[in-house]
Amino acid sequence: MAPRVVTVEADGGSRGNPGPSGYGAVVRDSETGEVLAERSESLGTATNNVAEYQGLIAGLTAAAELGAAEVDVRMDSKLVVEQMCGRWQIKHPGLRPLAAQAAGLVGRFAAVRFAWIPRDQNRHADALANAAMDAAAGRPPSTGVAAPAVGSDRATAPVVGSDPATAPASWEPRPTFTATRLILVRHGETEYTEQRRYSGRGDVPLSEKGRAQVRETATRVAALAPTVAAVLSSPLSRCTATAAAIAGALGDVPVRTEDDLIECDFGQWEGRTFAEVREGWPGEMDAWLASPRVAPPGGESFTHVAERAHRVVAGLLTAYPGETVVLVSHVSPIKLVLRDALAAGDGFLHRLFLDAAGISVLDMWPDGGVAVRTVNDTSHLAAL
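Fair warning: this is a prediction, and the values are worked out from it, not measured in the lab.

Draft legend 1. Structural context of the overall build of the protein. The helix and strand tally for the protein stands at eleven helices and eleven strands. With 384 residues in all, the protein has 52% of them scored as buried. A separation threshold of at least 6 residues defines the contact pool for the protein, and within that pool the share at least 24 residues apart is 72%. Taken as a whole, the protein presents about 16500 Å² of accessible surface, with 52% of it coming from carbon and sulfur.

Here you go:
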C-alpha cells in the first residue's frame, strides 16, 4: 500500500561552485521514518544551487513514483526552500527552468510543504550528494559525513532578510513569468446559508437574496477582470446559477462544470446546524474539528476535498498559463485553496469565515510563487 504522506530529504553541492557536482535525495515514510527510496547522481560541472534543485526534483519524482499523496520536503538550502515557497525571487536564469520543473512536480500531489533544516539534520541526503560529487571529481567515495564542498553556501546560508540582494521579494514583480490569476467566488445565499446549516451535496437553490447577491457579484467580477479565459463551476445549482450570471456579465464566457469543485459531503450532518451536530455527535464533532483527515459520519474528509481542489488548480495552471480564470465553488474547496496558498495550518479551516458571494483573488506563478490579493471581499454587497 502506498504511503499517504512521505518526507523528502534532498541536498546537492559542487566542489568549486561551479565544479564537479552531484545530488542526493531520500524518501521516508513520514510515520515510521523507514527509507522508501534513495536517489543520487553525478552532474558533471555545475553550481551548488543547480545541484540542490536537481536533488529536490529527484526526491519529488521518487515520491510520485511511490504514489504518495502529500510530501514534506526538508532541505538545508534556504535558497531553494524560500524560492519554492515564493518568498524569494528567482533571479538567476539558470535556476528558473529547474524551479518550474519542480513546481510542475509539486502539482502532482495534494499538498507539498517545504521546511529549511540545519545541515546536521540532513546527513543522509548530504552523504549521498557528497558521494556523487566524489564520483564527478573522479575520487574514491568519501567515508562518513563529508565536510562542506568547497565554495558551498550550506554553511553560510543567509538569514531571511539579512542580504538585500537575496532577501524575500514576494512584493517585487516577476518579469520572467506571468501569473495565472484565480478569482474564487462562493455561490450566493441559500435558505441553508441563512439558517447556518451544513449544506454539502444537497442541491439547495439560491434564495431571493442570493439571486440579488449574484447580480452584484457578477458586476464586481467583470470590473476586476474584463478578460477571463474560463469560468468553472461546481455542478450544484447554487453555483451554476452564480457562474452563469458572472459569465453573462463577462460577455457570455462559456461555463464549464467541474465535479471536483463540489462541496464537501457532510454525510449525516447534511441540513443540520452546528448545535444539532454537537448535541447528536459530540465525539465525532471533536475528532472532525481536530483533524482534516476525519470525515463526518457517512461523509468526506477535508483532506479528500483538498485533493480534489488541488487537481483543479494544477490543471488550470497547465491549461491557462498567464490568464485569468473564475472558479465558482463552496466554502470548503475555497478555504482549502486559500489555506495552501497562504501556507497556513489546518486550524485556518475553522477560523476563516467566507460569506455567500464573497470573492477571493490569488496569483500563481509557474516558478511556485503565490500572491493572495484578496480574501472574502464583500464590498459589492454593501447595498443589499
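Draft legend 2. Representation of the side chain of Glu70 in the model. Considering the arrangement of structural elements, one finds Glu70 in strand E4 (residues 70-75). What makes Glu70 buried here is its relative accessible area of 8%. With near-sequence residues (within four places) excluded, Glu70 lies in contact with Arg4, Val5, Val6, Ala110, Ala111, Arg113, Arg293 and Thr303.

Draft legend 3. Spatial organisation of the confidence of the model for the protein. Taken as a whole, the protein shows an average pLDDT of 87; of its residues, 89% reach a score of 70 or greater. The low-confidence segment residues 143-176 (pLDDT under 50) makes 64 contacts with residues lying over four places distant or belonging to another chain.

Draft legend 4. Seen up close, the pattern of salt bridges. Under the defined criterion, the tally for this structure stands at 21 salt bridges. Each of Glu70, Asp72, Arg113 and Arg293 takes part in one network of salt bridges that share partners.

Draft legend 5. A look at the sheet that holds E4. Read across the sheet, five strands follow the order E3-E2-E1-E4-E5 without closing on themselves; strand pairing throughout is mixed. Among the strands making up the open sheet, the edge pair consists of strand E3 (35-46) and strand E5 (111-116). The mean angle between the axes of side-by-side strands here comes to 20 degrees, regardless of whether they run parallel or antiparallel. Note: strand E2 (residues 19-29) against E3, ten bridges, orientation antiparallel. Paired with Gly19 across the strands is Ala46, a residue of E3.

Draft legend 6. Here's a closer look at the packing of aromatic side chains. In this structure the tally under the stated criterion is seven aromatic pairs. Relative to Trp288, the ring of Phe266 lies with its centre 6.5 Å away and its plane at 80 degrees, an arrangement referred to as edge-to-face. Of this pair, Phe266 sits in the loop between strand E8 (255-257) and helix H8 (274-280) while Trp288 sits in helix H9 (residues 282-290), and the two are 22 residues apart along the sequence. Summarising the burial analysis for this pair, Phe266 and Trp288 share the class buried. Here Trp269 and Trp281 contribute two aromatic rings whose centre-to-centre distance is 6.5 Å and whose plane-to-plane angle is 55 degrees, an arrangement assigned as tilted. Here Trp281 lies in the loop between H8 and H9 and Trp269 lies in the loop between E8 and H8, a separation of twelve residues in the sequence. By relative accessible area, which is 15% here, Trp281 ends up buried. Linked through ring pairs, Tyr198, Phe266, Trp269, Trp281, Trp288 and Phe302 together constitute an aromatic cluster. When the ring centre of Trp116 is taken as origin, the NZ or CZ atom of Lys78, which lies over that ring, is 4.5 Å away.

Draft legend 7. A look at the sheet that holds strand E10 (residues 359-364). The six strands lie next to each other as E8-E7-E9-E6-E10-E11, forming an open sheet whose pairing is mixed. With partners counted over all chains shown, the strands left at the sheet margins are E8 and strand E11 (370-377), one partner each. The average angle at which neighbouring strand axes cross in this sheet is 20 degrees, direction not considered. For strand E7 (residues 230-233) and E8, the ladder comprises three bridges, and the chain directions are parallel. Considered in E8, the bridge of Val231 is made with Val255.

Draft legend 8. Looking closely at the pairing of E2. Counting buried positions along E2 yields nine of eleven residues, so the element is predominantly enclosed. The pairing of strand E1 (residues 5-14) with E2 spans nine bridges and is antiparallel. Each bridged residue has a counterpart across the sheet, and for Val8 the counterpart in E2 is Val27. Adjacent in sequence and paired antiparallel, E2 and E3 are bridged by five residues, among which Gly33 carries a positive phi angle near 80 degrees.

Draft legend 9. Highlighting unusual backbone geometry. One non-glycine residue, Arg196, lies in positive phi territory at about 55 degrees. Counting through the fold element by element, Arg196 comes out in the loop between helix H5 (191-195) and helix H6 (208-224). In this model, Asn376 sits at a positive phi of 55 degrees, which is unusual for a non-glycine residue. Note on placement: Asn376 falls in strand E11.

Draft legend 10. Structural view of the environment of Glu38. Mapped onto the fold, Glu38 is located in strand E3. Among the residues examined, Glu38 registers a relative accessible area of 42% and is labelled partly exposed. Separated by 86 residues in the primary sequence, Glu38 and His124 place their C-alpha atoms 9.4 Å from one another. Once residues lying within four places of it in the same chain are set aside, the contact partners of Glu38 are Ala25, His124 and Leu128. Of note is the side chain of Glu38, whose polar atom sits 2.6 Å from the side chain of His124.

Draft legend 11. A look at the packing of helix H10 (residues 302-319) against helix H11 (residues 331-341). For the pair H10 and H11, interaxial distance at closest approach is 9 Å and the crossing angle is 75 degrees. Viewed along their axes, H10 and H11 adopt a mutual orientation that is roughly perpendicular. On H11, the residues touching Phe302, Val305, Ala306, Ala309 and Val313 of H10 are Ser332, Pro333, Leu336, Val337 and Arg339. Of the residues assigned to the contact of H10 with H11, the class counts are eight nonpolar, one polar and one charged.

About the cut-offs
Residues numbered from 1 in each chain as written. Predicted model: local features only at pLDDT ≥ 70, side-chain atom pairs only at ≥ 80, totals over all residues. Heavy atoms only, no water. Helix = DSSP H or I, 4+ residues; strand = E, 2+ residues; numbered from the N terminus. Buried < 20%, exposed > 50% of the residue type's maximum accessible area, 1.4 Å probe, protein only. Contact = heavy atoms within 4.5 Å. Areas by Shrake-Rupley, 256 points an atom, 1.4 Å probe, with all protein chains shown as cover. pLDDT = per-residue confidence, 0-100. Salt bridge = Lys/Arg side-chain N within 4 Å of Asp/Glu carboxyl O. Pairing = 2+ DSSP bridges. Axes fitted to C-alpha atoms, helices over the stretch in contact; angles between N-to-C directions. Phe/Tyr/Trp six-rings, centres within 6.5 Å; stacked < 30°, edge-to-face > 60°. Lys NZ or Arg CZ within 6 Å of the ring centre and 35° of its normal. Polar contact = N/O pair within 3.5 Å; in protein donor to acceptor, adjacent residues only side chain to side chain. Parallel < 35°, antiparallel > 145°, perpendicular 65-115°, else oblique. Nonpolar A, V, L, I, M, F, W, Y, C, P; charged D, E, K, R; others polar.

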